[in-house]
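Spelled out, the chains give:
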Amino acid sequence: MSKKIGIIMGSTSDLQVMSEAAKLLKEFAIDFEIQVVSAHRTPQLMYDYCQSYGDRGIGIIIAGAGGSAHLPGMVAAMTDIPVIGVPVQSRSLNGLDSLLSIVQMPPGIPVATVAINGSKNAAILAAKMLGITNPDIREKIKNYRLNLEETVLKNSEIDLNTI
Ligand code: RP5
């Protein structure tokens, strides 16, 4: 049986970005949980989450945060499963602060960091990890990729009359 994916984020203000990951997992029919867990505002909840994820069948965590984005790194420090970090675009520094906070982890505690607001890619990456042992998911990823290719090729047919 495939593991579940846990999506967490530092604030409800991250939901718009992080819901792209949820949508993709729904499309792939992959089981997931989604909730707000803040490293700074609800540290006890973050601790509890890191103690209980295994009981709920979570095998990969996607963690999004913006600004001084410590959530993905702290969760990686307290768990033994892959953590994918999503830097959420911040108001003051456009997400560069989020990106650098998440990506610059010390040796030994990795966070697989995607692009700023790249939560869809975080979900695809998580699905690919599950796909290592689940051929059904692997097939869905393959079809998704082939559809993407077909769409790009179709849209790149340029009508000379429009130029
Ligand atoms: C971070 O602070 C959250 O991940 C969010 O991106 C950012 C701003 O949070 P709010 O002030 O909008 O709640 O912890």
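Keep in mind the model is a prediction, meaning the values are calculated, not measured.

**Comments concerning the overall build of the protein**
(1) Moving on: If you tally the helices and strands in the protein, you get six helices and five strands.
(2) Moving on: Reading the protein from its N end, one meets helices and strands in the order β-α-β-α-β-α-β-α-β-α-α.
(3) Moving on: Dimensions of the protein, computed from the C-alpha atoms along their principal axes, are close to 60 × 45 × 30 Å.
(4) Moving on: Looking at the protein as a whole, 42% of its 163 residues qualify as buried.
(5) Moving on: Of the contacts formed within the protein by residues at least 6 apart in sequence, a portion of 65% connects residues at least 24 apart.
(6) Moving on: When the accessible area of the protein is evaluated, it comes to approximately 9,400 Å², of which 55% is carbon and sulfur surface.
(7) Moving on: Charge separation in the protein, taken as the distance between the mean sites of 14 positive and 15 negative side-chain charges, equals 2 Å.

**Quick look at the environment of Glu139**
(1) Moving on: Relative to the helices and strands, Glu139 resides in helix H6 (residues 135-155).
(2) Moving on: Between the C-alpha atoms of Glu139 and Thr42, which are 97 residues apart in sequence, the distance is 39 Å.

**A few points about the side chain of Ser38**
(1) Moving on: Position of Ser38 relative to the elements: it lies in the loop between strand S2 (32-36) and helix H2 (43-52).
(2) Moving on: Of the residues examined, Ser38 reaches a relative accessible area of 8% and is grouped as buried.
(3) Moving on: At a separation of 3.3 Å, a polar atom in the side chain of Ser38 contacts the main-chain amide nitrogen of His40.
(4) Moving on: The residues contacting Ser38, other than those within four sequence positions of it, are Gly10, Pro43 and Met46.

**Describing the environment of Ile30**
(1) Moving on: Mapped onto the secondary structure, Ile30 falls in the loop between helix H1 (15-27) and S2.
(2) Moving on: When the C-alpha atoms of Ile30 and Ile5 are compared, they prove to be 7.8 Å apart, with 25 residues separating the residues in sequence.
(3) Moving on: Residues contacting Ile30, with those up to four places away along its chain left out, are Ile5, Leu25, Ala127, Leu130 and Ile137.

**Focus: the site of the ligand**
(1) Moving on: Lining the immediate environment of the ligand, one finds Gly10, Ser11, Ser13, Asp14, Arg41, Ala65, Gly66 and Arg91.
(2) Moving on: Taking Asp14, its side chain carries an N or O atom lying 2.6 Å from an oxygen atom of the ligand.
(3) Moving on: The side chain of Arg41 places a nitrogen or oxygen atom 2.8 Å from an oxygen atom of the ligand.
(4) Moving on: Calculation on the ligand without its partners gives an accessible area of 360 Å², and the protein chains cover 73% of this total.
(5) Moving on: Considering only residue class, the shell around the ligand consists of one nonpolar, four polar and three charged.

**What to know about the nonpolar core**
(1) Moving on: Ile5, Ile7, Ile30 and Ile62 are the most contacted members of the largest nonpolar core, which has 26 residues in total.
(2) Moving on: Of all the elements in the fold, those that place two or more residues in this core are strand S1 (4-9), H1, strand S3 (58-66), strand S4 (83-88), helix H5 (119-131) and H6.
(3) Moving on: Setting aside residues up to four positions removed in sequence, Ile5 forms contacts with Leu25, Ile30, Asp31, Phe32, Glu33, Ile58, Ile60, Ile62, Ala126, Ala127 and Leu130.
(4) Moving on: Counting residues in each nonpolar core, the second largest holds 19 residues, with Ala69, Ala76, Ile81 and Val83 among its members.

**A closer look at the packing of aromatic side chains**
(1) Moving on: This structure, assessed with the given rule, holds one aromatic pair.
(2) Moving on: Taken together, a centroid distance of 5.7 Å and an interplanar angle of 85° make the contact between Phe28 and Tyr144 edge-to-face. Here Tyr144 lies in helix H6 and Phe28 lies in the loop between H1 and S2, a separation of 116 residues in the sequence. For the pair shown, Phe28 and Tyr144 are each scored as buried.
(3) Moving on: Looking at Arg56, its charged tip hangs above the ring of Tyr49, at a distance of 5.1 Å from the centre.

**A short note on the pairing of S2**
(1) Moving on: Bridging between S1 and S2 involves five bridges; their strand directions are parallel. For Ile5, the partnering residue across the bridge sits in S2 and is Phe32.
(2) Moving on: Running through H1, the crossover from S1 to the neighbouring parallel element S2 is right-handed.

What counts and how
Sequence positions are assigned chain by chain, starting from 1 and proceeding in written order. It should be noted that, the model being predicted, local features are given only for residues of pLDDT at least 70 and side-chain atom pairs only at 80 or more, the latter also being counted only at that level, while totals for whole chains, interfaces and linings use all residues. No hydrogens and no water enter the side-chain calculation; it runs on all heavy atoms of the structure. Secondary structure elements are defined from DSSP: runs of H or I of at least 4 residues count as helices, runs of E of at least 2 residues count as strands, and each element is numbered from the N terminus. Relative accessibility thresholds used throughout: buried, under 20% of the residue-type maximum; exposed, over 50%; partly exposed, between the two (1.4 Å probe, protein chains only). Contact definition: two residues touch when any of their heavy atoms are within 4.5 Å. A 1.4 Å probe and the Shrake-Rupley method give the accessible areas. Residues count as covered only by the protein chains that appear here. Residues counted as positive are Lys and Arg, residues counted as negative are Asp and Glu, and His and the chain ends are not counted. Every charge is mapped to an atom, namely NZ of Lys, CZ of Arg, CG of Asp or CD of Glu. Whenever two N or O atoms come within 3.5 Å, that pair is a polar contact, provided that in protein one can donate a hydrogen and the other can accept it, and provided that, for residues adjacent in sequence, both atoms are side-chain atoms. The near set for a molecule or strand comprises every residue that places at least one heavy atom within 4 Å of it. The residue classification treats Ala, Val, Leu, Ile, Met, Phe, Trp, Tyr, Cys and Pro as nonpolar and Asp, Glu, Lys and Arg as charged. All others, Gly included, are polar. In this text, buried Ala, Val, Leu, Ile, Met, Phe, Trp, Tyr and Cys residues form a nonpolar core when linked through side-chain atoms within 4.5 Å. Any two of the Phe, Tyr and Trp rings considered here, Trp counted by its six-membered ring, make a pair once their centres fall within 6.5 Å; the pair's planes then place it as stacked at under 30 degrees, edge-to-face at over 60, or tilted in between. Comment: the charge-over-ring label is applied if NZ (Lys) or CZ (Arg) is within 6 Å of the ring centre and within 35 degrees of the ring normal. When DSSP finds at least two bridges between two strands, those strands are taken to pair. Crossover handedness is defined here as right-handed if the route from the first strand over the helix to the second strand goes clockwise, with the strands pointing away from the viewer.

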